[in-house]
Amino acid sequence: MLTLEDVWKIYRIGKVEVHALKEVNFEVEEGEFIVVLGPSGSGKTTLLNIIGGIDVPSKGKVLFRGMDVTSLDENGLTMHRREHIGFVFQFFNLIPTLTARENVVLASELVENPRDVDEVLGIVGLKDRANHFPSELSGGEQQRVSIARAIIKNPPLILADEPTGNLDFETGKKILKYMREICKNEGISFIVVTHNSAISETADRIVHLKDGKIDKIMVNEEPLDPDKLFW
Amino acid sequence: MLSRKVIRDISTRKGMFFGVTFIIFLGISLFSSFYISYLNLSDTYSDFYEQTDFEDAAIEFNYAPVELLKEVRKIDGVGEVTGRLAVKGSMKINNEQVVLLLISVPDGEQPKVNKLFIEKGEYIPEGAYSSCLLINEFAKYHGIHAGQIISPELNGQKLQLKIAGIVYSPEYIWIIEEDNFFVSPRTMGIAFIPYKKLEELGYKGKINQVHFTIYDKDRRDEILGKAKKVFEPYGVKNFYTREQQPSNQALQLDLAGFRELSIMIPGFILFISIFAIYVLLTRLINEQTPNIGVLRALGFKKNTVLFHYLKHSILIGFLGSLAGVITGYILSVLMTVQYTGVINVPYYVTKPHFEILLAGMFTGILFPSIAGLLIAKKAADIQIVDALKGSFEPQTKGFEIDRYIPFFKMSVLTRLSLRNTFRNRKRAAYSMFSVVAAIMLIMNSMVFMDAFEEALDLQFNKVLNYELEVRYSSYVNSSAIKEVKSIQGVREAYPLITTWMLIESGDKSKSVSLIGMDNQRLYNIYDLRNELHMPPPDGILLPSSVASNLSLIKGQKIFFFTEKGKRESKVYDVFDHSLTPSAFTSLDYLQNLLGVDGYNTVIVNVNPEDEERVQEELEKLDGVLQVNSKAVIIDYINQLLEFSYAFIFFSLLFGSSLGFSAIFNTTSINIMERRRELATLRMLGYTTRQMGFALFVENMLIGILGTVIGIPLSYFVAYLYLMSFSSELFQIPFVIYPRTYVLSVILIFVILAFSILPGLRYISRMNIEKVTKEVIS
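Residues numbered from 1 in each chain as written. Chains lettered and ligands numbered in written order. Predicted model: local features only at pLDDT ≥ 70, side-chain atom pairs only at ≥ 80, totals over all residues. Heavy atoms only, no water.

Colleague: Looking at this structure, I do not really get the overall build of chain B. What am I missing?
Modeller: The number of helices and strands found in chain B is 23 helices and 24 strands. Expressed as a percentage of contacts within chain B between residues at least 6 apart in sequence, the contacts between residues at least 24 apart total 82%. Per element, the accessible surface of chain B, about 32200 Å² overall, is 58% carbon and sulfur. Separation between the mean location of the 77 positive side-chain charges and that of the 77 negative ones in chain B comes to 14 Å. (Helix = DSSP H or I, 4+ residues; strand = E, 2+ residues; numbered from the N terminus. Contact = heavy atoms within 4.5 Å. Areas by Shrake-Rupley, 256 points an atom, 1.4 Å probe, with all protein chains shown as cover. Lys, Arg positive; Asp, Glu negative; His and termini not counted. Charge placed at Lys NZ, Arg CZ, Asp CG, Glu CD.)

Colleague: Explain the overall build of chain A to me, please; I cannot follow it from the model alone.
Modeller: A count of helices and strands for chain A gives six helices and 10 strands. Since a compact globule built from 231 residues should have a radius of gyration of about 17 Å, the 17 Å found for chain A is in line with a globular shape. When its C-alpha atoms are laid out on the principal axes, chain A stretches across 55 × 40 × 35 Å. Relative to its 231 residues, chain A shows a buried fraction of 59%. For chain A, the proportion of contacts with a sequence separation of at least 24, taken over those separated by at least 6, is 71%. Accessible area for chain A stands at about 9600 Å²; split by element, carbon and sulfur atoms hold 46% of it. Positive and negative charge centroids in chain A, built from 27 and 36 side chains respectively, lie 4 Å apart. (Rg over C-alpha atoms; globule rule 2.2 N^0.38 Å. Buried < 20%, exposed > 50% of the residue type's maximum accessible area, 1.4 Å probe, protein only.)

Colleague: Sorry, what's going on with the pattern of salt bridges here?
Modeller: Opposite charge on two side chains allows them to pair when their charged atoms are near. Counted by the stated rule, this structure contains 39 salt bridges over all chains. Residues E32 of chain A and R205 of chain A are paired through a salt bridge, measuring 2.5 Å at the closest nitrogen-oxygen approach. Of this pair, E32 of chain A sits in the loop between β2 (16-28) and β3 (33-37) while R205 of chain A sits in strand β9 (residues 205-210); the two residues are 173 residues apart in sequence, bridging distant segments of the chain. Across the pair E171 of chain B and R84 of chain B runs a salt bridge, and its minimum N-O distance is 2.6 Å. Here R84 of chain B lies in strand β2 (residues 78-84) and E171 of chain B lies in the loop between β10 (161-168) and β11 (188-194), a separation of 87 residues in the sequence. The same class applies to E171 of chain B as to R84 of chain B, namely buried. (Salt bridge = Lys/Arg side-chain N within 4 Å of Asp/Glu carboxyl O.)

Colleague: Got a minute to help me understand the sheet that holds β9 of chain A in this structure?
Modeller: Sheet strands line up and pair through hydrogen bonds in the backbone, either parallel or antiparallel. Residue and element names in this part refer to chain A. In spatial order, the strands read β6-β7-β8-β3-β9-β10; together these six strands make up an open sheet with mixed pairing. Of all the strands in the sheet, just β6 (85-88) and β10 (213-219) have a single pairing partner and so form its edges. This sheet shows a mean twist of 20° between the axes of neighbouring strands, independent of strand direction. Of the pairings in the sheet, the one linking β6 to strand β7 (residues 157-161) comprises four bridges and is parallel in character. Within the sheet, the bridge partner assigned to G86 lies in β7 and is I158. (Pairing = 2+ DSSP bridges. Axes fitted to C-alpha atoms, helices over the stretch in contact; angles between N-to-C directions.)

Colleague: How should I be thinking about the sheet that holds β2 of chain B in this particular structure?
Modeller: Residues and elements named next belong to chain B. Read from one edge of the open sheet, four strands run β2-β12-β1-β13, paired in antiparallel fashion. Of all strands in the sheet, those with a lone pairing partner are β2 and β13 (236-241), marking the two edges. Across this sheet, the average inter-strand angle for adjacent strands is 25°, counted without regard to direction. Summarising the sheet, strand β1 (residues 57-65) and strand β12 (residues 206-214) pair through six bridges and their orientation is antiparallel. Bridging across to β12, E60 finds its partner in Q209.

Colleague: What's the story with the nonpolar core in this structure? I'm lost.
Modeller: Looking at soluble globular proteins, one finds that nonpolar side chains tend to be buried together. Core analysis: the biggest nonpolar cluster contains 125 residues, and Y45 and Y523 of chain B have the highest contact counts within it. Looking at this core element by element, the count peaks at 20 residues for helix α13 (residues 425-463) of chain B. Setting aside chain neighbours within four positions, we find Y523 of chain B in contact with V463, L464, Y466, L496, I515, M517, F584 and I603 of chain B. Grouped together as the second largest cluster of nonpolar side chains are 90 residues, I152 and M179 of chain A together with L416 and L760 of chain B included. (Core = buried A, V, L, I, M, F, W, Y, C linked by side-chain atoms within 4.5 Å.)

Colleague: Could you clarify how one ought to interpret a negative patch on the surface in this entry?
Modeller: Residues and elements named next belong to chain A. On the surface, E5, D6, E27 and E29 cluster together to form a negatively charged patch. Examined against the element boundaries, E27 turns out to sit in strand β2. The exposure class of E27 is partly exposed, given its relative accessible area of 42%. (Patch = residues over 30% accessible without salt bridge, like charges linked within 9 Å, V, L, I, M, F, W, Y side chains within 5 Å.)

Colleague: Even after reading the chapter, I still don't get the interface of chain B and chain A, so can you show me in this structure?
Modeller: The accessible area lost on association of the parts is a frequent measure of interface size. Each side of the interface is counted separately: chain B has 29 residues, and chain A has 29 residues. A buried area of about 2700 Å², summed over both sides, lies between chain B and chain A, and 60% of it is on carbon and sulfur atoms. Counting across the chain B and chain A interface gives one salt bridge. The closest approach of N and O atoms between R682 of chain B and E74 of chain A, which form a salt bridge, is 2.6 Å. Inspection of the region where chain B meets chain A yields nine residue pairs in polar contact (both at pLDDT 80 or more). (Buried area = accessible area lost by both parts, 1.4 Å probe. Polar contact = N/O pair within 3.5 Å; in protein donor to acceptor, adjacent residues only side chain to side chain.)

Colleague: Can you help me understand the packing of helix α2 (residues 14-51) of chain B against helix α9 (residues 302-342) of chain B in this one?
Modeller: For any two helices packed against each other, the geometry is given by the interaxial angle and the distance between the axes. Interaxial distance between α2 of chain B and α9 of chain B falls to 5 Å at its minimum, and their mutual angle equals 35°. Considering only the axes of α2 of chain B and α9 of chain B, their crossing is right-handed. (Left-handed = near helix turned anticlockwise from the far one by under 90°.)

Colleague: Explanation requested: the environment of R521 of chain B in the structure shown.
Modeller: Residue and element names in this part refer to chain B. Positionally, R521 belongs in the loop between β16 (508-517) and β17 (525-526). Given the relative accessible area of 45%, R521 is considered partly exposed. Sequence separation between R521 and T687 is 166 residues, and the spatial gap between their C-alpha atoms is 67 Å. Among all residues touching R521, those that are not within four sequence positions of it are N465, E492 and N605.

Colleague: Honestly, a nonpolar patch on the surface in this entry has me stumped. Any pointers?
Modeller: Together, F318, L319, L322, I326, I330 and L334 of chain B make up an exposed nonpolar region whose accessible area comes to about 530 Å². The residue I326 of chain B is located in helix α9 in this model.

Colleague: Can you help me understand the packing of α9 of chain B against helix α10 (residues 354-381) of chain B in this one?
Modeller: Residue and element names in this part refer to chain B. The N-to-C vectors of α9 and α10 enclose an angle of 155°; their axes lie 7 Å apart at closest approach. Our classification of the angle between α9 and α10 gives roughly antiparallel. Considering the relative orientation of α9 and α10, their crossing is right-handed. Residues belonging to the contact of α9 with α10 are distributed by class as follows: 17 nonpolar, seven polar and three charged. (Parallel < 35°, antiparallel > 145°, perpendicular 65-115°, else oblique. Nonpolar A, V, L, I, M, F, W, Y, C, P; charged D, E, K, R; others polar.)

Colleague: Looking at this structure, I do not really get the pairing of strand β4 (residues 59-64) of chain A. What am I missing?
Modeller: Along any regular strand the residues' side chains alternate between the sheet's two faces. Residues and elements named next belong to chain A. In this sheet, β4 lies alongside strand β1 (residues 2-13) in antiparallel orientation, the contact comprising five bridges. Within β4, the position partnered with L4 by the bridge is V62. Where β4 and strand β5 (residues 67-68) come together, two bridges link them in antiparallel fashion. Bridge pairing links F64 to M67 in β5.

Colleague: Would you take a moment to explain helix α22 (residues 757-765) of chain B for this structure?
Modeller: Owing to its 3.6 residues per turn, the α-helix aligns residues three or four sequence positions apart on the same side. All names here are of chain B. Among the residues of α22, those classed as buried are G759, L760 and I763. Here the buried residues of α22 occupy an arc of 100° about the axis, which is enough to place them on one side. Exposed residues on α22 whose side chains face more than 90 degrees from its buried face are R761 and R765. (Arc of directions from axis to C-beta.)

Colleague: How should the packing of aromatic side chains be read in this particular structure?
Modeller: Two measures describe an aromatic ring pair: the distance that separates the ring centres and the angle between the ring planes. The final tally for this structure, using the stated rule, is 25 aromatic pairs over all chains. With a centroid separation of 5.5 Å and 25° between ring planes, the pair formed by F33 of chain A and F190 of chain A is classed as stacked. Note that F33 of chain A is positioned in strand β3 and F190 of chain A in strand β8 (residues 189-194), a separation of 157 residues in sequence. A single burial state applies to F33 of chain A and to F190 of chain A, both of which are buried. An aromatic cluster of three or more residues is present, and its members are F268, F271, F275, Y430 and F433 of chain B. (Phe/Tyr/Trp six-rings, centres within 6.5 Å; stacked < 30°, edge-to-face > 60°.)

Colleague: Teacher, can you tell me more about the environment of E611 of chain B here?
Modeller: All names here are of chain B. Checked against the element boundaries, E611 lands in helix α17 (residues 611-619). Sequence spacing of E611 and I768 is 157 residues, and the spatial spacing of their C-alpha atoms is 74 Å. For E611, the residues in contact, after removing those within four places along its chain, are E467, L468, V606, S629 and A631.

Colleague: What's the story with unusual backbone geometry in this structure? I'm lost.
Modeller: Of all residues except glycine, most have a negative phi; of all peptide bonds, most are trans. Residue and element names in this part refer to chain A. Even without a glycine there, the phi angle at D6 is positive, about 50°. By the element assignment, D6 lies in strand β1. By relative accessible area, D6 is classed as partly exposed at 30%. The phi torsion at D211 lies on the positive side, around 50°, for a residue other than glycine. Its place among the elements puts D211 in the loop between β9 and β10.

Colleague: Is there a simple way to explain the side chain of T680 of chain B in this structure?
Modeller: Tracing the backbone shows T680 of chain B in helix α19 (residues 675-684). Beyond its immediate chain neighbours, meaning those up to four positions away, T680 of chain B contacts F89, N93 and R149 of chain A together with T772 of chain B.

Laid out in structure tokens, this is it:
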């Protein structure tokens, strides 16, 4: 579904060149759950941004179902995000003036055939809290709204940047469970970026990044149930 | 180090700080330019009056012996006295008949009162009886120079007068003749000639005016009353103190308008600046709450935090008012030069008026400091623990206004816009207030134009339906009208009597022009409400300003002086006049009252293509003193109004700038505050255009609400504003044309639309991945 071919990202700060990503090559299959693991500054977020079409590589290609994302203009990238990508953020990024339901509907209005909002809220277990505003929801509930918002558009790929980073241990586990189940049941691919190595045990594959380069890619034959995770 | 932070805070939010500073700049530059212009003009008039020994009082009467001046001089408290003759002659210039007011001056020396300022040439040399001095405006208009000969006609005698000099007179800075504000130099001039020369023309030993100074100013009215008594047996036509002198009264009214504007509009703008600073600093402090917590945790005192944030507003105030006073001073000089160019003063006085510049600086710093203090105190009072956690302003979910709009299905993005409008109620109130303020400034400027257009339309299309007015030097009989009608091209002609009356009521008296006419369609009596009145069969129809000044009511008996002596009548009715006041009665009644046969004026309706020729032929008729063309008066008024239109243009510019700065400021703050939300929307796949539309909806909603409040409020303020222009001398109708509403609303919505452009630029260029990760609160 997604192929990264020799992707480089080079920032120029004054006269110094910073290589945020170097020679990155990997593929993502349909319905795969991938965790990108690496310490701070390893290039995880840069990689996610390039896949999500909010940043462009300095060199290399990103192919999404055969379409060259790197050749798209600003409008094309917006359409790519709209139709193919769902985002889950560390700080949820919900619109405080919209209820949980409205936050989800907001995303659904972007696509022609969105999923049913009640069904999606049911998947993340928030049907009863649908008419509450973000300020009336817990962190975990807010992140579930964020996941519902990502899947309502029915995207083939969801990118999650430290989705448990702002949650307590138990809530974080629940969120991972939801994501894992959606991946399995809905066939949506996930790329989860994190520095928390414990989370990687739930992945189908683990991409280790170090200094902007893929250090290793490990296949997890038996992904762990998030309920059994501990960190 | 904290001071450096102030500079950095400002430089990182340049646009927003500039917007607020610009509001202060607008307020202070308007204040200093208007107030200094007012003082400059006031100084100019005072200086000119002082140099020319301007009169303290004057009396106009029917011809009386010159010896009576001795009686005036004897009155205790009277200073210098000048008696003189003032008679109307006529003159041909470029084939056009013009009126020339001939005023006598002493032989070889300047008059003791109302000296003339010699612009070019010299004062009339002793014994040069065939010389004269010509008023500058008239000479300039017709291109007449010192040394040239003019040939005016008086009482059938043609004079040859050499122009010794071109002059300015303190009595004619603003030329007003018989209550007419708009005396065009094309049709009327003033010449000063030696008394001896004028005496020779049938006025031997006579005078009809006395002008004098009073050294005991406290007893001025009493002294004027005593002097008036001296001339009463000869029929007093008018009398006035320096304050009531027509030219001076008009100038003082104008000055008062300048002074009011210099306080009212800037005060209003500075009031808005308080809200602008409050909104800006609230945003800044909200964003920097954790920093405040750190500062306090480090050991900085509450007062240090308070002064730190107060410094932002002081700096805004300082920069805005510094730029404001500098610009204001430059504008004041330009305005003084421009204004004095329109009226008849030989020079202008401009001073820096440091006290006003300092007052401007002080006010410009004080207003933002008030707002700054309120918000800085809030920042200083915040608990360290809370501050370290983040925002001190509670996050609101917004007012769900969309729930009250059930009529049509709207997208969530539109709902979001509607809710965002009232998300921060204080800010929404400030935005709406800014729209209201901008509408008020814009509408007030245009209402001024509407009122003038309406007044001129009323006067020249409804009241005066004739093209030409023929004035005779004395009363003529019915053959005169036949003569006028016989001229080819004349469609209609009707007789009038135009005279004056000095009404006495208790210890008050008032001079007003009196018109006697039949009910005909060329001259109609319309009031300010467009209601038509008939010339009364008996009694006098009095203008409201005169009636209220003399406390006269309908049906009341009145006594008054006329050119034919003292008479008595009754107030038939009172009406609200437009522009300048005149009293009316029927022609028959006035003829009986004055004891005259015939009339002294004929109004004429002509075929447009014949007007010029008919005017020339009318001027040739026996006994015709002057032929006034309505078109010439309208042209002259339009020339005078050019200055007003420039003023209106600047008012519109200021109003629009104010609206733009204020709305731009809140829009920018809104965008900055919600940048994470906006970045999220972009990440979700919303385009910049869709988000621009959402912001546009928010601004439009503010615009609609501001307009709904602003229009009735502007109507009320415009009414007060126009009423402040009405005086005994002058009244203009209160009217707002539909175009004013439409243009004001369009302008406001254009401003609102433009004010989101910088924000849109920010959204399209923002680093969305960085912004989505920011923890704002």
